[in-house]
Amino acid sequence: MTREEFDKRKTAINVEYERMKQDLYVKFAFENSTVEVDDIVEDHIGCGRVLKMKATFASFDKYPSLIYECIEVKKDGTPKKKDAFRQVYQVNVKKVNGKPVNYEKHE
């Protein structure tokens, strides 16, 4: 094996490792969320109906979590007059469909 072959194989292993790590983060985040698309989540800012979810790895938390992409709604679940979209972080969710939740931070 030449040095070039070694470097090439090592790079391929590192690329595969990073892909597997990302897959693990996403799987963990989705398996540890009780929120589904169309649920109403509430945080310290307001309420939103979940349109889609994506995984994130926040620097302040030891484990990956989700970001919920929402359309803002009133407390009763009806859309606000002005269609406003925003993101709600899983770590900030206080209520899901009106029921209190407690996200366990792993610092």
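Residues numbered from 1 in each chain as written. Predicted model: local features only at pLDDT ≥ 70, side-chain atom pairs only at ≥ 80, totals over all residues. Heavy atoms only, no water.

Chemist: Talk me through the overall build of the protein; I want residue IDs and the actual numbers.
Modeler: Across its full length, the protein carries 1 helix and 6 strands. Reading the helices (α) and strands (β) of the protein from amino to carboxyl end gives α-β-β-β-β-β-β. Against the globule reference of 13 Å for 107 residues, the protein gives a C-alpha radius of gyration of 19 Å, more extended than a compact globule. Restricting the contact set of the protein to residue pairs at least 6 apart, pairs at least 24 apart contribute 46%. As displayed, the protein has an accessible area near 7,900 Å², and 53% of this comes from carbon and sulfur atoms. (Helix = DSSP H or I, 4+ residues; strand = E, 2+ residues; numbered from the N terminus. Rg over C-alpha atoms; globule rule 2.2 N^0.38 Å. Contact = heavy atoms within 4.5 Å. Areas by Shrake-Rupley, 256 points an atom, 1.4 Å probe, with all protein chains shown as cover.)

Chemist: So what's going on with the environment of V41? Residues and values would help.
Modeler: With respect to the helices and strands, V41 occurs in strand β1 (residues 40-42). Exposure remark for V41: the relative accessible area of 0% places this residue in the buried category. A C-alpha to C-alpha distance of 8.6 Å links V41 and C70, two positions 29 residues apart in sequence. Setting aside residues up to four positions removed in sequence, V41 forms contacts with V35, G46, C47, G48, V50, C70, V88, V93, K95 and V96. (Buried < 20%, exposed > 50% of the residue type's maximum accessible area, 1.4 Å probe, protein only.)

Chemist: With reference to specific residues and values, describe the side chain of R86.
Modeler: Take R86: it is sitting in strand β4 (residues 85-89). Among the polar contacts listed, one links the side chain of R86 to the side chain of D43, at a separation of 2.7 Å. For R86, the contacting residues outside a window of four places in its chain are D43, I45, G46, C47, Y68, E69, C70 and E72. (Polar contact = N/O pair within 3.5 Å; in protein donor to acceptor, adjacent residues only side chain to side chain.)

Chemist: Give me the lowdown on the pattern of salt bridges, citing residues and values where you can.
Modeler: For the structure on display, the rule yields 8 salt bridges. We note a salt bridge from E72 to K80, for which the minimum N-O separation is 3.8 Å. Owing to a relative accessible area of 17%, E72 belongs among the buried residues under this scheme. Counted as one network, the salt bridges with shared partners bring together D43, E72, K80 and R86. (Salt bridge = Lys/Arg side-chain N within 4 Å of Asp/Glu carboxyl O.)

Chemist: For the sheet that holds strand β2 (residues 47-56), give the residues involved together with the corresponding values.
Modeler: As a general point, the strands of a sheet are linked pairwise by backbone hydrogen bonds and lie either parallel or antiparallel. As summarised here, the arrangement of the 6 strands in space is β4-β3-β2-β1-β5-β6, forming an open sheet in which the pairing is antiparallel. Only two strands of the sheet have a single neighbouring strand rather than two, namely β4 and β6 (99-100). The pairing of β1 with β2 spans 3 bridges and is classified as antiparallel. What sits directly across from I40, in β2, is R49. Contacts between helix α1 (residues 3-31) and the sheet are confined to β2 and β3 (65-73), with β2 contributing the most and set at about 150 degrees to the helix. (Pairing = 2+ DSSP bridges. Axes fitted to C-alpha atoms, helices over the stretch in contact; angles between N-to-C directions.)

Chemist: A description of the nonpolar core should follow, citing residues and the corresponding values.
Modeler: Counting 10 residues, the largest nonpolar core is built from A29, V35, V41, V50, L66, Y68, C70, V88, V93 and V96. In terms of residue count, the dominant contributor to this core is β3 (3 residues). Apart from the residues within four sequence positions on either side, C70 is in contact with V41, G48, R49, V50, L51, A84, F85, R86 and V88. (Core = buried A, V, L, I, M, F, W, Y, C linked by side-chain atoms within 4.5 Å.)

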